[in-house]
Amino acid sequence: MKWNKKDMQKYVQAKEYVDTAIIPLVPFSFNKPDEEQIGLTFQNEVLELFVDRVERDFTGRVFQLPSYTYIMSNQLEHEVDRLNAFYQQINEQPFKHTFYLTFDSSWKRVEPKLEGNLIWTPVMKDGDLTSKETQKIVMDQIKQITELIRNYWI
Amino acid sequence: MSQDKKNQVSRRQFLNYTLTGVGGFMAAGMLAPMVRFAIDPVLQPKAQGDYVSTGKSVDELTSEPQRVDFTIRQVDAWYESDVSKVAWVYKQEDGSILALSPTCTHLGCFVGWNDNENYPNMFYCPCHDGLYEKSGKNVPGTPPTAPLAAFEHDVKDGILYLGKAIPREEA
Ligand code: FES
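Residues numbered from 1 in each chain as written. Chains lettered and ligands numbered in written order. Predicted model: local features only at pLDDT ≥ 70, side-chain atom pairs only at ≥ 80, totals over all residues. Heavy atoms only, no water.

### Things to note about the overall build of chain A
Phase 1: Across its full length, chain A holds five helices and five strands.
Phase 2: Against the globule reference of 15 Å for 154 residues, chain A gives a C-alpha radius of gyration of 16 Å, in line with a compact fold.
Phase 3: Taking the principal axes of the C-alpha coordinates as reference, chain A spans close to 45 × 40 × 30 Å.
Phase 4: The 154 residues of chain A split such that 44% are buried. (Helix = DSSP H or I, 4+ residues; strand = E, 2+ residues; numbered from the N terminus. Rg over C-alpha atoms; globule rule 2.2 N^0.38 Å. Buried < 20%, exposed > 50% of the residue type's maximum accessible area, 1.4 Å probe, protein only.)

Here is the structure:
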């Protein structure tokens, strides 16, 4: 389910079935070298594809929340509190699993302080989403993530 | 002083241009639909429920459900987009084709064929363990309360075409 009216109306009728929340963590910057900026937007597109696919396959059990956007930095300490505040509120609903999905490895360093599960996977620096090879890599990664999430459900 | 005057004129001109511009848009806005009415039949988007080619040759179909991917053009009030769809397609005993929608009738998750070792030769929904028989009929006692929907289908030149997914009532 997504953060829109149609799905929210469904959600309030079926809360007990929707036990998994997913929040994409999206690093933002606009002051990096042009190349890097382009790479960053590419990665964001890939992340959107990931979440979209997971949401589509598991729409009856997974709630995709709005992306958490933050200024890119190696120091994410001050983001931890904010993110944990989201977590607290989400968990006032009967969710059992909360996943953060990201390509930003900086989160790894603060992972122990995070409530909820961090799913970090590496990503290509830049690429072409219309190319067959890229699509294959992305599809494979999506498959792994879905497997991972399903493992939490067992 | 002259500078001032020049400024005023240009301000007035500016207003003038703006208003003409707005008026123009309004006129265009009123006219455009009329023009469309006049020439519409040609521009009319194709009726919904049209069949789209899956590119799948029906000769390749067997009695084992296989995944067929296809793309439809979806138009709603705000967006027009290509949506990728999936169907589970197989030949029934009498040779007729059945194309089932993979959308779980419980809450909409993607239903897989024969991909859970505990439920061989069944459609299984990983979200809340929904089960369906090969015919798409839901297994009582699991969350789904209706069979999987079936796509309308057609065969042209040996290629499978799919249309709308029609919900089915429990038999
Ligand atoms: S969505 Fe398939 S069993 Fe609930």
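Having seen the structure, we can now continue with the description.
### Here we look at the interface of chain A and chain B
Phase 1: On the chain B side, the residues contacting the 10 residues of chain A number 10 residues.
Phase 2: Summing both partners gives a buried area of about 950 Å² for chain A against chain B, and 56% of it is carried by carbon and sulfur.
Phase 3: Of all residues in chain A, Tyr17(A), Asp57(A) and Arg150(A) bury the most surface against chain B, accounting for 41% of the area lost on that side.
Phase 4: Where chain A packs against chain B, one counts zero salt bridges.
Phase 5: Between the two partners, chain A and chain B, sit four residue pairs in polar contact (both at pLDDT 80 or more).
Phase 6: Elements represented by at least two residues in the side of chain A that touches chain B include exactly helix H2 (34-57) and helix H5 (132-153) of chain A.
Phase 7: Grouping the constituent residues of the side of chain A that touches chain B by class yields four nonpolar, two polar and four charged. (Contact = heavy atoms within 4.5 Å. Buried area = accessible area lost by both parts, 1.4 Å probe. Salt bridge = Lys/Arg side-chain N within 4 Å of Asp/Glu carboxyl O. Polar contact = N/O pair within 3.5 Å; in protein donor to acceptor, adjacent residues only side chain to side chain. Nonpolar A, V, L, I, M, F, W, Y, C, P; charged D, E, K, R; others polar.)

### Here's the deal with the pattern of salt bridges
Residue and element names in this part refer to chain A.
Phase 1: Going through the model one piece at a time under the given rule, you end up with 12 salt bridges over all chains.
Phase 2: Measuring nitrogen to oxygen at the nearest pair gives 3.8 Å for the salt bridge that ties Glu-79 to Arg-82. Of this pair, Glu-79 and Arg-82 are both found in helix H3 (residues 77-90), three residues apart, which corresponds to roughly one turn of the helix.
Phase 3: Residue Glu-79 is classed as buried on the basis of its relative accessible area of 8%.

### Considering the nonpolar core
One recurring pattern in soluble globular proteins: nonpolar side chains tend to sit buried together.
Phase 1: Ile22(A), Phe50(A), Leu101(A), Ile149(A), Leu100(B), Val111(B) and Phe123(B) are the most contacted members of the largest nonpolar core, which has 33 residues in total.
Phase 2: Where this core is concerned, the elements lending two or more residues are strand E1 (20-28), H2, strand E4 (97-102) and H5 of chain A together with strand E3 (80-91), strand E4 (97-100) and strand E6 (123-125) of chain B.
Phase 3: Top contributing element to this core by residue count: H2(A), with six residues.
Phase 4: Apart from residues no more than four positions distant in its own chain, Ile149(A) is found in contact with Ile22(A), Val54(A), Phe99(A) and Ile119(A).
Phase 5: Ranked by size, the runner-up nonpolar core spans 21 residues in total, among them Val18(A), Leu25(A), Leu83(A) and Ile90(A). (Core = buried A, V, L, I, M, F, W, Y, C linked by side-chain atoms within 4.5 Å.)

### Notes on the state of the cysteines
Residues and elements named next belong to chain B.
Phase 1: The full count for this structure, using the stated rule, is one disulfide over all chains.
Phase 2: Cys-109 shares a disulfide with Cys-127; S-S distance 2.1 Å. Torsion about the S-S bond of the Cys-109 and Cys-127 cystine: about -85°, corresponding to left-handed handedness. Of the two residues, Cys-109 is situated in the loop between E4 and strand E5 (112-113) and Cys-127 in the loop between E6 and strand E7 (130-132); the sequence distance between them amounts to 18 residues. Side by side, Cys-109 and Cys-127 carry an identical accessibility label, which is buried. (Disulfide = S-S within 2.5 Å.)

### A few points about the side chain of Thr142(B)
Residue and element names in this part refer to chain B.
Phase 1: Positionally, Thr-142 belongs in the loop between E7 and strand E8 (150-156).
Phase 2: Taking the relative accessible area as the measure of exposure, Thr-142 reaches 18% and is therefore buried.
Phase 3: Within the structure, Thr-142 has its side chain in polar contact with the backbone nitrogen of Leu-131 (distance 3.3 Å).

### With respect to unusual backbone geometry
All names here are of chain B.
Phase 1: In this structure, Asn-121 takes a positive phi of about 55° despite not being glycine.
Phase 2: Tracing the backbone shows Asn-121 in the loop between E5 and E6.
Phase 3: Positive phi, close to 60°, is recorded for Asp-129, a residue that is not glycine.
Phase 4: With respect to the helices and strands, the residue Asp-129 is situated in the loop between E6 and E7.

### Overview of the sheet that holds E7(B)
Residues and elements named next belong to chain B.
Phase 1: Spatially, three strands are ordered E5-E6-E7 in an open sheet, and the strand pairing comes out antiparallel. For this open sheet the edge positions go to E5 and E7, each flanked by a neighbour on one side alone.
Phase 2: Pairing of E6 with E7, which is carried by three bridges, proceeds in the antiparallel orientation. When the bridges of E7 are listed, Tyr-124 appears paired with Leu-131. (Pairing = 2+ DSSP bridges.)

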